[in-house]
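For reference, the chains in residue letters:
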Amino acid sequence: MQNTPLSTIDTLQKSFKPIEESETTRLIYELEVHQIELEMQNEELLQTQNQVKKEAEKLAAYARKYATLYDFAPSGYCTLSRAGDIIELNLSAAKMLGKDRGRLINNRLALYVSPETQPRYHLFLESIFTDKAKHTCEIILSVNERSPMHVLLAGTVDETEERCFINVIDITERKQAKETLLLQNKISEQHTAELILANRELTLKSKENEKLAAALNASNKKLITAMQLSDQAVQKYFTLYNIAPCAYFTLSRHSKIIELNLRGAQLLGRQKLTLKGKLFSAFITVESRSVFDHFVEQIFKTNLNQTCELSLTMEGRPLMFVHLEGSLTDNGEHCFLTMLDISARKEKESKIRQLSQAIEQSPVSIIITDTNGSIEYVNSKFGEDTGYSFDEVKGKNITVLNSGHTTGEEYEALWQALKDGSEWHGEFHNRKKNGQFYWESAAFSCIQNSAGETTHYLAITEDITYRKHTEARLVKYAKELKNVNSDLENFAFIASHDLQEPLRMVNSFLNLLEKRLDNQLDETTRQYIHFALDGAARMKILIRDLLQYSRVGTNKEEFSAVDLNAILNHLQDVLRQTIESNAAVIKVQAMPVIIANNTLVRELMLNLLTNALKYRGEEPPEIEVGCREEENRFVLFVKDNGIGISAEYFDKIFIIFQRLHARSRYPGTGIGLAICRRIAELHKGKIWVKSEEGKGSTFFVSFPKSAE
Ligand code: ADP
């Protein structure tokens, strides 16, 4: 209740009316309530008062702060009246105007504006009040002796519209800076102009320079191209040097290898690097050492190109022949060698030497003529055969040897064959230098060049005069032999035929004598007569066989198809008794039909079978007969398991009368196999045996398939 405002209580008292007791109580009560309410309101009022006070203090603080800020703001502030009088200004503005703030209040701001910026200022001030909008303008403040200050004014009317609030900013420095800038700009413009001028000159010069540069560039390019070309050339040279098919070496005076190319290393069979510094002479054979030393010596001594041929030896490689060409290097310190492998050429040369020696020493005459037959070469044998030396026949035609015995057709055939590029073989009856006639066998052929054209003819001739005479003699002898043979055959036939009769008589009379004198004969005489009879019996067989042998050649029976199966069947019948008595087994394979003389083939087979049964061993004979067919002939065979024949007698047993055993053991005349051979030969076939002693024998007889 203490601070209740008096006006409020007055108001409350004025509203009271006289009231009753009870009413009074109630009123007192209400009054108390009001009083409480009033006290409460008072309380609130006090609080509000405090708050207002605080706010006022706060505001005062703000005002102070603002005043301070206002005063010490970096730009000037001033409030002007419509007439332009200064109503208020901060310290910064006062400083700008160069006077105390107090002395400036109510002064016209225009007093401090420089005359030249006066109109602008007035217009600015007027515009602010007229437009009621914000305006700016730049003016110059000129205060006493102080240097003029450029300021920027920004002004606007306040809420009263009777005053305006101006912000003054010192822009002198900015202005000066701007002016400086302008000045600098001018200077720089001047410079630029100068620069442009200089530039023009430079451009001109630069154009000249460009021309010069272009020329330089072109010559540079040419230089680069030339350098590249020379580089390429050097590269090429190195490549060529290295891969050249010819070997190159640079040697010192003492044959030390200074440089070499790949081919050089290849020929010496080593790596290029390992050869540098090595002695070239180390690869030269002992035989060629002196040649090489002389060669190098001459190069250094004469300074002239030298050549030589020598042989090199490399481990594990065949001997190599090389051709060396050497010269001094430009500085005269080394020698440069070119080396060619001439082993192949040397080998060819040696082969040619061998061949020419072979031709020269050939046992036959060799003649080389041109295509007209003019002699270009003859070997020494030609001289021996004809008596002409090479010089005597050189350039002469080969017809120099003609004897007139060879016909024109024969020569024609010879030249025609050669023209056709073929060979010609024939015989000539020619004449030697000494006029003697001689026979020669000749082979003519063509010698062609690499294009296949005939350039020469080659004749290889052999003097066959001796052979010709021998042949003629042989023909004569053969004829004589044939006659003798036929006489002999006749003789054998006649003799054996005619001998049979006296032999029969000897035999008959000996038998008669033995019968007649039976009682008078002593034992010895009886034995003599027996020997004589035995001899006569053996002679009979011998004569029979001989007769048979001589008849083989005279058999005129025609060749015909002979079935060997039929012959063998027949012979087994003929030999049945012998087969059975020997308990022999004969196996006959299927046999072919051959073209032959039936009687002779039967006789041949009979002889072979008889022998197979006769020359038996301990075991009963086992005989196999067969025939194998070959391309041009049939080969029939008779195989037995008999006593066999030692290899040394394989030929002998086919000769007439040749026997290997005593007659007492194996009877016989030794004519059977000779007959077999004659029969085989008459059929243009052969007979032979394969055997081993004690292991049986196999006799083979071949018959040509055709009868001719
Ligand atoms: P030969 O039988 O009348 O004595 P060959 O001319 O038939 O006359 O035979 C000559 C010789 O060949 C015989 O004496 C004999 O020694 C030997 N020979 C022939 N055939 C056979 C055979 N199959 N086995 C062993 N030896 C044989």
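Residues numbered from 1 in each chain as written. Predicted model: local features only at pLDDT ≥ 70, side-chain atom pairs only at ≥ 80, totals over all residues. Heavy atoms only, no water.

1. Some remarks on the domain arrangement of the protein
When its domains are assigned, the protein resolves into domain 1 (5-66 + 177-240), domain 2 (75-170), domain 3 (246-348), domain 4 (362-463), domain 5 (470-550) and domain 6 (555-704). Spacing between the C-alpha centres of domain 2 and domain 3 amounts to 114 Å. (Domains from an automatic or database assignment.)

2. Structural notes on the site of the ligand
Around the ligand, a shell composed of 21 residues is seen, among which Asn611, Tyr615, Arg659, Thr669 and Leu673 lie nearest. Within the side chain of Lys614, one N or O atom sits 3.0 Å away from an oxygen atom of the ligand. A distance of 2.7 Å is found between an oxygen atom of the ligand and a side-chain nitrogen or oxygen belonging to Tyr615. For the ligand, whose free accessible area comes to 520 Å², the fraction covered by protein is 98%. Elements represented by at least two residues in the shell around the ligand include exactly α18 (598-614), α19 (672-682) and β22 (697-704). Tallying contributions element by element places α18 first for the shell around the ligand, with three residues. Counted by class, the shell around the ligand contains nine nonpolar, nine polar and three charged residues. (Near = heavy atom within 4 Å. Polar contact = N/O pair within 3.5 Å; in protein donor to acceptor, adjacent residues only side chain to side chain. Areas by Shrake-Rupley, 256 points an atom, 1.4 Å probe, with all protein chains shown as cover. Helix = DSSP H or I, 4+ residues; strand = E, 2+ residues; numbered from the N terminus. Nonpolar A, V, L, I, M, F, W, Y, C, P; charged D, E, K, R; others polar.)

3. Overview of the nonpolar core
Counting 42 residues, the largest nonpolar core has Met605, Leu608, Leu609 and Val625 as the members making the most contacts within it. Secondary-structure elements contributing two or more residues to this core are α16 (564-574), β18 (593-596), α18, β19 (622-629), β20 (633-639), α19, β21 (686-691) and β22. Here this core gets eight residues from one element, more than from any other, and that element is α18. (Core = buried A, V, L, I, M, F, W, Y, C linked by side-chain atoms within 4.5 Å. Buried < 20%, exposed > 50% of the residue type's maximum accessible area, 1.4 Å probe, protein only.)

4. Points about the sheet that holds strand β4 (residues 149-157)
Here we have five strands laid out as an open sheet, ordered β2-β1-β5-β4-β3, and antiparallel in their pairing. Every other strand in the sheet has two partners, leaving β2 (86-89) and β3 (135-141) as the edge strands with one partner each. Pairwise comparison of adjacent strand axes, ignoring direction, gives a mean angle of 30 degrees for this sheet. One ladder, built from seven bridges, connects β4 with strand β5 (residues 163-170); its direction is antiparallel. Residue pairing in the sheet places Val151 in a bridge with Asp170 of β5. (Pairing = 2+ DSSP bridges. Axes fitted to C-alpha atoms, helices over the stretch in contact; angles between N-to-C directions.)

5. Some thoughts on the packing of helix α14 (residues 465-516) against helix α15 (residues 523-552)
Axis angle and axis distance: for two packed helices, these are the angle between their axes and the distance between the axes, and together they describe the pair. Packing of α14 against α15 brings their axes to within 9 Å, and their N-to-C directions diverge by 155 degrees. Comparing the axis directions of α14 and α15 gives the class roughly antiparallel. By crossing handedness, the relation of α14 to α15 is classed as left-handed. Note on element contacts: α15 touches α14 through Arg526, Ile529, Ala532, Leu533, Ala536, Met539, Lys540, Ile543, Leu546, Leu547, Ser550 and Arg551, opposite Glu489, Ala492, Phe493, Ser496, His497, Leu499, Gln500, Leu503, Asn507, Leu510, Asn511 and Glu514. Here the residues of the contact of α14 with α15 sort into 13 nonpolar, six polar and five charged. (Parallel < 35°, antiparallel > 145°, perpendicular 65-115°, else oblique. Left-handed = near helix turned anticlockwise from the far one by under 90°. Contact = heavy atoms within 4.5 Å.)

6. Here we look at a nonpolar patch on the surface
Side chains of Val234, Tyr237 and Phe238 sit close together on the surface and give an oily, nonpolar patch of about 300 Å² of accessible area. Along the chain, the position of Tyr237 falls in helix α6 (residues 172-243). (Patch = residues over 30% accessible without salt bridge, like charges linked within 9 Å, V, L, I, M, F, W, Y side chains within 5 Å. Salt bridge = Lys/Arg side-chain N within 4 Å of Asp/Glu carboxyl O.)

7. Quick notes on the packing of aromatic side chains
Counted by the stated rule, this structure contains 16 aromatic pairs. Ring geometry for Trp688 against Phe700: centres 5.4 Å apart, planes inclined by 15 degrees, an arrangement best described as stacked. Pair noted here: Trp688 is in strand β21 and Phe700 is in strand β22, with a separation of twelve residues, a long-range link. Classification of Trp688 as partly exposed rests on a relative accessible area of 24%. Joined through ring pairs, the aromatic side chains of Phe249, Phe280, Phe292 and Phe295 make up one cluster. Positioned over the ring face of Tyr438 is Lys432, at 5.6 Å from the centre of the ring. A cation over a ring is seen here: Arg678 above Tyr549, with NZ or CZ 5.2 Å from the ring centre. (Phe/Tyr/Trp six-rings, centres within 6.5 Å; stacked < 30°, edge-to-face > 60°. Lys NZ or Arg CZ within 6 Å of the ring centre and 35° of its normal.)

8. Digging into α14
Between its first and last C-alpha atoms α14 spans 74 Å; for 52 residues at 1.5 Å apiece the expected length is 76 Å, and the two agree. Its maximal kink placed at Gln500, α14 deviates by approximately 30 degrees, while the proline Pro502 follows within four residues. Here α14 has its buried residues at Thr465, Ala492, Ala495, Ser496, Leu503 and Leu510. Buried residues in α14 make contact with β14 (437-448), β15 (454-463) and α15. (Expected span 1.5 Å × (residues − 1). Bend = angle between axes of the 7 residues up to and from the residue.)

9. Points about the pattern of salt bridges
Within the structure shown, the criterion is met by 25 salt bridges. Among the salt bridges present, the one from Lys346 reaches Glu309, with a minimum N-O distance of 3.3 Å. Highlighted residues: Lys346 in helix α10 (residues 343-360) and Glu309 in strand β8 (residues 306-312), separated in sequence by 37 residues. On the basis of relative accessibility, which here comes to 34%, the residue Glu309 falls in the partly exposed class. Connected via shared salt-bridge partners are Glu309, Arg345, Lys346 and Glu349.

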